[in-house]
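Listed here are the chains, written in short residue letters.
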Amino acid sequence: MGRREAPGSGRVALVTGASSGIGRATSAALADSGWRVFGAARHAPPAPARPPAWSRPSAAGGTSAVPFVLLDVRDGDSVRACVSQVQSAAGHLDLLVNCAGVVTGGPAEEMLGDEVSDQLDTNLLGTIRMCQAVLPGMRGQRHGRIINVGSLAGLMGLPFQAAYSASKHGIEGFSESLQIEVRRFGITVIVVDPGDIATEITQHRAVSRGSGSDSPYRAELERAMRAQAEGEAHGWSVDRCARVIVRIAQARSPRFRYTPGPFVEWLSPRARRLMPDRLFQRVLAGFYGMGGGRRT
């Protein structure tokens, strides 16, 4: 993880996707660690303690309130307005954590165009828009940290998540290029690729409207989704993942990439680099309950 910087009350963080899941847990964990945090998302978190802020008990036994900013990462004007609002309120921004994301599963052949574009626009282009919006301020102050939350799906293509995997692979490439470009300005870019995390996505995962009960992929799709749901149910909690993100945010010399999650998921991308491609694909298919099919 590297040496850790002492958390200070003057540090300001903006977390996208803060209405639920990893984003909401990360907002609260950063606030509990002494950061001034602004949470942002398309919709306010459910049952806020006192609009426009939501709160949770802090580790110290008090309450950490997180001001909420409306944000649609698909809209450039909304992105710029959000960043401007945070910078006006706090005077500067030290940390951006990009957690906003959506996923719609289904066979690649049957995915509808709007389902593909929405995942790319939110997960990849939304991340790019947020980075572009905060970089002038970070460059001007000669320091800043950007944590882009990717996924194991960005390190390997997952079956029936082709569009999601494509968007997360894009985050990997963008982040790596960006880090090389902005390093000389004192800006650090990190990618966090969680494995299975127990979030609301498991209960509310969308399946492509283009895939019906008569789909030739239906049986394998259902087996793959059951395997994925089981993995998430036994995966890390969002709070545990959020604590890792806080440690990364406060590390003095963080690595470029982290893969928090169960050991087998930490191991998977490393095995991916060592195993022949076809062999790894057969192993991954077996994990998701899929047959090998005809070899070509």
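This one's a predicted model, so the numbers in the text were calculated from it and none came from an experiment.

**Considering the overall build of the chain**
Alright, step 1. Counting its regular elements, the chain contains nine helices and twelve strands.
Alright, step 2. Counting across all 296 residues of the chain, residues that qualify as buried make up 48%.
Alright, step 3. Taking the intrachain contacts of the chain between residues at least 6 apart in sequence as the baseline, contacts between residues at least 24 apart amount to 74%.
Alright, step 4. Working note: accessible area of the chain is about 14200 Å², and carbon and sulfur atoms make up 53% of it.

**Things to note about the packing of helix α3 (residues 113-141) against helix α4 (residues 162-182)**
Packed helices, taken two at a time, are described by their axes: the angle between them and the distance between them.
Alright, step 1. Interaxial distance between α3 and α4 falls to 8 Å at its minimum, and their mutual angle equals 15°. The pairing of α3 with α4 is recorded here as roughly parallel in orientation. Relative to α4, α3 is oriented so that their crossing is right-handed. Contacts between α3 and α4 involve Val116, Gln119, Leu120, Asn123, Leu124, Thr127, Ile128, Cys131 and Leu135 on the former and, on the latter, Ala163, Tyr164, Ala166, Ser167, Gly170, Ile171, Phe174, Leu178 and Val182.

**Observations concerning α4**
Alright, step 1. Given a rise of 1.5 Å per residue, 21 residues ought to cover 30 Å, and the 30 Å separating the end C-alpha atoms of α4 matches this to within 8%.
Alright, step 2. Restricting attention to buried positions, one finds in α4 the residues Ala163, Tyr164, Ser165, Ser167, Lys168, Ile171, Glu172, Ser175, Leu178, Gln179 and Val182.
Alright, step 3. Packed against the buried residues of α4 are α3, β7 (144-149), β8 (187-192) and β12 (257-258).

**Some remarks on the packing of aromatic side chains**
Alright, step 1. With the rule as written, the count across this model stands at one aromatic pair.
Alright, step 2. Ring plane angle 85° and centroid distance 5.1 Å describe the contact between Phe287 and Tyr288, whose orientation is recorded as edge-to-face.
Alright, step 3. Seen from the ring of Phe185, Arg139 lies directly overhead, with NZ or CZ sitting 5.9 Å from the centre.

**Concerning the state of the cysteines**
Alright, step 1. All chains considered together, the criterion is met by zero disulfides.
Alright, step 2. In this structure Cys241 is a free cysteine whose sulfur lies 8.0 Å from that of Cys99, the closest cysteine sulfur available.

**Brief notes about the nonpolar core**
Alright, step 1. One finds Leu30, Leu95, Val97, Ile147 and Ile245 to be the most contacted residues of the largest nonpolar core, which totals 28 residues.
Alright, step 2. Those elements that provide at least two residues to this core are β1 (12-16), α1 (21-32), β5 (95-98), β7, β8 and α7 (238-250).
Alright, step 3. Considering every element that reaches this core, the biggest residue donor is α7, with eight residues.
Alright, step 4. The residues touching Ile147, leaving out its near neighbours within four places in the chain, are Leu95, Leu96, Val97, Asn98, Ile190, Val192, Ile245, Ile248 and Ala249.

**Overview of a nonpolar patch on the surface**
Alright, step 1. A cluster of nonpolar residues, Phe263, Trp266 and Leu267, forms a patch on the protein surface that exposes about 310 Å² of accessible area.
Alright, step 2. Within the secondary structure layout, Trp266 lies in helix α8 (residues 263-274).

**Describing the pattern of salt bridges**
Alright, step 1. In the structure shown here, the tally under the stated rule is twelve salt bridges.
Alright, step 2. When the shortest N-O distance is used, the salt bridge between Asp72 and Arg74 registers 2.9 Å.
Alright, step 3. Exposure remark for Arg74: the relative accessible area of 31% places this residue in the partly exposed category.
Alright, step 4. As a salt-bridge pair, Glu172 and Arg257 come within 2.9 Å of each other at their nearest N and O atoms. Of this pair, Glu172 sits in helix α4 while Arg257 sits in strand β12, placing them 85 residues apart in sequence.
Alright, step 5. Judged by its relative accessible area of 31%, Arg257 is partly exposed.

**Here we look at the side chain of Ser151**
Alright, step 1. Mapped onto the elements, Ser151 comes out in the loop between β7 and α4.
Alright, step 2. Given a relative accessible area of 9%, Ser151 falls into the buried group.
Alright, step 3. Not counting the four nearest positions on each side in its chain, Ser151 is found in contact with Tyr164, Lys168, Glu172, Val192, Asp193 and Pro194.

**As for unusual backbone geometry**
Alright, step 1. If you check the backbone angles, Arg142 has positive phi at about 65° while not being a glycine.
Alright, step 2. Structurally, Arg142 is set in the loop between α3 and β7.

**Describing α7**
Structurally, the α-helix is built with 3.6 residues per turn, so residues lying three or four positions apart point the same way.
Alright, step 1. For α7, which comprises 13 residues, the first-to-last C-alpha distance of 18 Å matches the rise-based estimate of 18 Å (1.5 Å per residue) to within 8%.
Alright, step 2. For α7, the full list of buried residues reads Val238, Cys241, Ala242, Val244, Ile245, Val246, Ile248, Ala249 and Gln250.

**Focus: the packing of helix α2 (residues 76-90) against α3**
Alright, step 1. Closest axis-to-axis distance for the α2/α3 pair is 9 Å, and the angle between their directions is 35°. Pair α2 / α3 crosses with right-handed handedness. Of the residues in α3, those in contact with Gly76, Val79, Val83 and Gln87 of α2 are Arg129, Met130, Ala133, Val134 and Gly137.
Alright, step 2. Considering only residue class, the contact of α2 with α3 consists of five nonpolar, three polar and one charged.

**Regarding the environment of Met225**
Alright, step 1. Of note, Met225 is situated in helix α6 (residues 218-233).
Alright, step 2. For Met225, the residues in contact, after removing those within four places along its chain, are Arg205 and Val207.

Conventions and cut-offs
Residues numbered from 1 in each chain as written. Predicted model: local features only at pLDDT ≥ 70, side-chain atom pairs only at ≥ 80, totals over all residues. Heavy atoms only, no water. Helix = DSSP H or I, 4+ residues; strand = E, 2+ residues; numbered from the N terminus. Buried < 20%, exposed > 50% of the residue type's maximum accessible area, 1.4 Å probe, protein only. Contact = heavy atoms within 4.5 Å. Areas by Shrake-Rupley, 256 points an atom, 1.4 Å probe, with all protein chains shown as cover. Axes fitted to C-alpha atoms, helices over the stretch in contact; angles between N-to-C directions. Parallel < 35°, antiparallel > 145°, perpendicular 65-115°, else oblique. Left-handed = near helix turned anticlockwise from the far one by under 90°. Expected span 1.5 Å × (residues − 1). Phe/Tyr/Trp six-rings, centres within 6.5 Å; stacked < 30°, edge-to-face > 60°. Lys NZ or Arg CZ within 6 Å of the ring centre and 35° of its normal. Disulfide = S-S within 2.5 Å. Core = buried A, V, L, I, M, F, W, Y, C linked by side-chain atoms within 4.5 Å. Patch = residues over 30% accessible without salt bridge, like charges linked within 9 Å, V, L, I, M, F, W, Y side chains within 5 Å. Salt bridge = Lys/Arg side-chain N within 4 Å of Asp/Glu carboxyl O. Nonpolar A, V, L, I, M, F, W, Y, C, P; charged D, E, K, R; others polar.

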